[in-house]
Amino acid sequence: ALAVAIMGDLRGGILKQGEHPPRVLSPWRKQGKGLSRVKRDWIIPQIRVLENSKQVPEALVQIKSDKIFTGEVIYKLEGPGVDQEPKNLFEIDDKSGVIRSKQPLDREKHRSFTLKAFALSPSGERLENPTTIEIVVLDQNDNRPVFTQSQFVGTVSEFSIPGTSVMSVSATDADDPTTENAILSYSIIGQESVPPNAVTKVMFGINNETGTIYTRDVGLDREVVKSFRLRLQIADMSGQGLTSEGVAIIHVSDINNHAPQFRPAAYSFTALENRKSFEVGRVNVTDRDDPGTGNWEAKYSITNDPDGNFDISTDPVTNQGVLTVLTVPSDQDEYNLKLRVENVNALSSKAPNLPLSTATVQVKVVNENEAPHFREDPVLIVVPESVPPGTLLKSNYAFDPENSKLRYEISRDPERWLDINRDSGDITAKKSFNMRSPHVRNNIYRAVVKVTDVGGLSSTGAVTITLKETNDFPPQVVPVSGSVCKEGTPEASGLVVTAVDQDYPPHAAPFIFEIPDDLPVNWTVSQLNATHAVLHPLVLLEAGEYAVPLLVSDSGRPALSSFAHVNITVCLCDSSGDCKSAAGAVLGSSVGISFIALIIIMASIALLLLLLLLAVAATACGRRHHIRKGTGLLIGESEDDVRDNVFNYDEQGGGEEDENGFNIDLLWNPHDDPSTPGSYYPMPGFPRGKQPLRRDAPHNLPSPIYPRRPPADPTDIEDYISDGLEAADGDPNVPPYDTALIYDYEGEGSLSGSLSSIASGSSDGDQDYDYLNDWGPRFQKLANMYDPHARCVEMRCS
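Residues numbered from 1 in each chain as written. Predicted model: local features only at pLDDT ≥ 70, side-chain atom pairs only at ≥ 80, totals over all residues. Heavy atoms only, no water.

For the protein chain, an unreviewed UniProt entry supplies the name Cadherin 15, type 1, M-cadherin (myotubule) and the organism Takifugu rubripes. Looking at the protein chain in UniProt, the text filed under Function (unreviewed entry) is "Cadherins are calcium-dependent cell adhesion proteins." (UniProt positions renumbered as here; feature names shortened; annotations may be inferred.)

As C-alpha cells, then:
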C-alpha cells in the first residue's frame, strides 16, 4: 500500500518549505506487533492548486510506499500534464515521491488533472497498485467581463411611457461561474442625445443583473430627439471586481401623431381641351412625421368629380398631389374641384383630434388647335389584286376636331399604285396591283397617308391594303414532250404531266386534265392527284411520234384553261426504261425481222415507186395538150397552190388528205382575250380563213412556205424528179422528198391530178373508194382518207 503525504493543509493552502514537516496519510494502522490493512475503498482527497502561482517549482504532495522498509522503491507519475498533453506541467521525484508543479497553471485552460502514481522496484517490478492523484486548479479573478457585441442597437417609439422595455444587452466572464469572480453587474454610466443636448434628463435605466434597458421618464418626441447613445459598464464580483465598457444606440421611432396639412389651401390651373392623361398641376402638403414612412406619405382624393374627369396621385419623393386629366373636359369651360388629404397610416391616438385638411382647385379649360385625327388606325382596305385603275378604295377616314379644311397626300407608296385627292382624301387605284411585288407580304401592301390642317398641324396614318388573289393566269402543261415504252400494256405505260400556274391558291391547284371529246385520239388521261395526271394509250401503238391534245383547267372562279399538244414518243425501251436507238430497236426486238421479210418489204416499196412513176408518166403524156405556154410540166389550168399534204395522226392509220379537205377550225374561249396566248385551241366550228393547227405533228416545228411550185420544166420524169429532190433538199420545213408517202403534186383537171384520181376518169365526187379496203393493210391508210366521212369534210371545206 502507498501512503500519501500532503504538503500543506487539505483546503488548498500551500505551506512554505520547511515550515511544517510533511504529513503522511497512512491507510494502515499498527495492531500489536504487525501491520494491519484497512479497507481498499479509501478515498484520497483532491489536491488543490491556485492558478497563476508564481512560486514554481512548487511541491504539491508526497507519496510513500511501505515497501521502503523491505528495499529500495522508485516512484513514477503518468497522465495529462506529465507525459500527455499538456505535457511538462508536473513532475515526481523518483526517490522521495514528491510531486511538484513545473509552471503556473491557468484554470481557464485546464480546470483539473487526474494522474496515476506507481511504486516500482529497481528492476521495474510494480510493488503497489497505482494510486490516482486528482489535482484541481483553483480560480482567481484574472479575467475581465466583456460585452457580447461592440455596439447594441434598439428602437423605442416616441411618447413611450416609463418602464417600457427597449432592449437587452449581455456580457460574459471567463472566470469560474460558480465563484464571485463571474457574478456580473450592468450599469449605465453616460447618455448622449442626437441632436446633442436635445434631452438632458436621464431617460433610460438598466437592470444590473439581466441587462434589460427600459425607459425611466416621459418626453420621447421624434420631432425633438432622433436617438440616444448610452455608455454601458459591466463588472464582475457583483460590481466590485474587474470592469469593461460598451455602447448602446437607441433610436426613437416615429408614430403618426401629425396629420398632413395643405399649404396653401387654394390652387388655380389651366387645361387644354381634348387632351387626355396629362398633368394639370400639383398641390403641396406638410407633415412633421418621419419622411419616407407611411406616417408621412399623403393620400389624396377628389370629393366632387362624379364623372371621373380628373385623378390625383401622390409623388413618392416630394409627397405632392399630382392632378391629372383623364377624359376630355369638353362640356364646360371651368371646373372647381375640392381635394382632401390624409396619411397612408392611420393617425395615432396620441395625435390631436383635428378634421382632415382640404383644398380647392380651379381648372380652366383652354381651347387648343389639335392635329387631324384618323377614324381608324391603320386605315384598312380590302380589294382584289386585279382592281381596275381608277377604282375608289377608301374615303372619309380622317377629320379635324376644329372642322378646318384638310389637305391629303401619299407620303409612302413604294410601288406607286395609289392616287389620292388632295382635297377630299379619296384614295383610288392608279393601276392594278401585283401580288408578286416584293412590297406585298402575306397579301398585304402598306402605304402611309399624311393629313394636314390649315394651321399646319399634321398627322400620318398607316394604310393597310389586303389584296385578294384573282385568277389571272391559265395553267400551262409541263412537260410538253416525253416518251412511253411500247412494250408495256396501255394501262401500265404512260407519261406523267403536271401544270404550272402563276396564280396563288385558291386559283391554282387542284388542276383538271382532260382530252377534248370531239378530237379522235387513241390516248386517255387519268388524274393522279390535285396537281398531276398521266397520259397513256388506249391500245397498243406502233413506235413513233404522237401529238396528244390535252386541256388543263385550274380551280379559279371563273376557271381558266389552256390547250397544249403533248409530243409523246412511243419507243422500244431498254432494261432501264430508256428508248433504244433505231438499229437497237430493230435488232433487239423480241419478235425480230428475218432477212427474207426485209427483202420482201424492200421489194414492195420499190414496186410501189415504179407504179407511181408509171402513173405519173402516163398522166403527163395524156394531158400534154392541157399544158399552157409558160407553165410547168405538172401545172394544169388551175392556179391553186401546190403544197404538201402529208400529216401524221396519233390514231392507227391515217395518211394523206387533200389540202382542201383539211380545214381544222379553232375554238375560242369567250372568257379569254383573243390576243392572249393559250386562249385558242383546235375545235371544229371556228370561222374559216384561220391558219389551221396540225393535230398530228409537233406544234413547235415551223410551217412550210406555200405555194411551192416545181423549180423547172423538165422534159421527162427523171429530170423532173431530180429537180424536185434538189428543191426539197433545200427546204427544211418538209419531210424528205424521196419518201414513198409524199406526193408533192396532185394536180387538177387531169386523171392523174390527185392520188384519188389514179386510173379514174371521174371526179372525186363520183369515185367509189371502197375497193381500197380490199387491197390489204398497206392501203388501209389510203382507204381511211377517202372514206365517206372524209369526203363530207372535203366537200364542206372546198
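Structure shown, so let's carry the discussion forward.
Counting residues in hydrophobic clusters, the biggest one holds 25 residues, and the most contacted among them are Leu393, Tyr397, Ile427, Phe433, Val463, Ile465 and Leu467. Of all the secondary structure elements, the ones that give two or more residues to this core are strand 31 (379–384), strand 35 (418–420), strand 36 (427–429), strand 38 (444–452) and strand 39 (458–468). Sort the elements by how many residues they give to this core and strand 38 lands first, with four residues. Apart from the residues within four sequence positions on either side, Ile465 is in contact with Ile381, Val383, Leu418, Phe433, Asn443, Ile444 and Tyr445. (Core = buried A, V, L, I, M, F, W, Y, C linked by side-chain atoms within 4.5 Å. Buried < 20%, exposed > 50% of the residue type's maximum accessible area, 1.4 Å probe, protein only. Helix = DSSP H or I, 4+ residues; strand = E, 2+ residues; numbered from the N terminus. Contact = heavy atoms within 4.5 Å.)

Together, Leu607, Leu608, Leu610, Leu611 and Leu614 give the surface a local cluster of nonpolar side chains, amounting to about 470 Å² of exposed area. Checked against the element boundaries, Leu608 lands in helix 2 (residues 595–622). (Patch = residues over 30% accessible without salt bridge, like charges linked within 9 Å, V, L, I, M, F, W, Y side chains within 5 Å. Areas by Shrake-Rupley, 256 points an atom, 1.4 Å probe, with all protein chains shown as cover. Salt bridge = Lys/Arg side-chain N within 4 Å of Asp/Glu carboxyl O.)

Moving on, we get to the pattern of salt bridges. On inspection of all chains with the given rule, the structure shows 12 salt bridges. As a salt-bridge pair, Asp93 and Arg100 come within 4.0 Å of each other at their nearest N and O atoms. Assessed through its relative accessible area of 23%, Asp93 is described here as partly exposed. Since its relative accessible area comes to 25%, Arg100 is described here as partly exposed. Arg231 is paired through a salt bridge with Glu245; the nearest N and O atoms lie 3.4 Å apart. Taken together, the positions of Arg231 in strand 19 (residues 227–235) and Glu245 in strand 20 (residues 243–253) put the pair 14 residues apart, joining distant regions of the chain.

Moving on: the state of the cysteines. Here, disulfide denotes a covalent bond that connects the sulfur atoms of two cysteines. Counted according to the given criterion, the structure contains one disulfide. Bridging Cys485 to Cys573, the disulfide has an S-S length of 2.0 Å. Residues Cys485 and Cys573 are joined through a disulfide that is left-handed, its torsion about the S-S bond being -105°. Here the residue Cys485 occupies a position in strand 41 (residues 481–485), and Cys573 occupies one in the loop between strand 47 (561–571) and helix 1 (582–587), the gap between them amounting to 88 residues. Given a relative accessible area of 24%, Cys485 falls into the partly exposed group. For Cys573, a relative accessible area of 10% corresponds to the buried category. (Disulfide = S-S within 2.5 Å.)

Now for the side chain of Thr452. Counting through the fold element by element, Thr452 comes out in strand 38. Since its relative accessible area comes to 6%, Thr452 is described here as buried. Excluding anything up to four places from it in sequence, Thr452 contacts Pro372, Lys405, Leu406, Arg407, Leu457 and Ser458.

All chains considered together, the criterion is met by 12 aromatic pairs. Between Phe262 and Tyr300 the ring centres are 6.0 Å apart and the planes differ by 50°, which places this aromatic pair in the tilted class. Taken together, the residues span a long stretch of sequence, with Phe262 in strand 21 (residues 261–262) and Tyr300 in strand 25 (residues 298–302) at a distance of 38 residues. As far as the burial class goes, Phe262 and Tyr300 line up, both buried. Between Trp417 and Tyr445, the ring centres sit 4.6 Å apart and the planes meet at 40°, which makes this aromatic pair tilted. Linking Trp417 in the loop between strand 34 (407–412) and strand 35 with Tyr445 in strand 38, this pair joins segments that are 28 residues apart in sequence. Summarising the burial analysis for this pair, Trp417 and Tyr445 share the class buried. An aromatic cluster is defined as three or more aromatic residues linked by ring pairs; in this entry it consists of Phe147, Phe152 and Tyr186. (Phe/Tyr/Trp six-rings, centres within 6.5 Å; stacked < 30°, edge-to-face > 60°.)

A few words now on the environment of Ser404. By the secondary structure assignment, Ser404 is in the loop between strand 33 (398–399) and strand 34. Considered as a pair, Ser404 and Pro372 are 32 residues apart in the sequence and their alpha carbons are 9.1 Å apart. Ignoring sequence-local partners within four residues, the contact set of Ser404 consists of Asp453 and Val454. Within the structure, Ser404 has its side chain in polar contact with the side chain of Asp400 (distance 2.9 Å). (Polar contact = N/O pair within 3.5 Å; in protein donor to acceptor, adjacent residues only side chain to side chain.)

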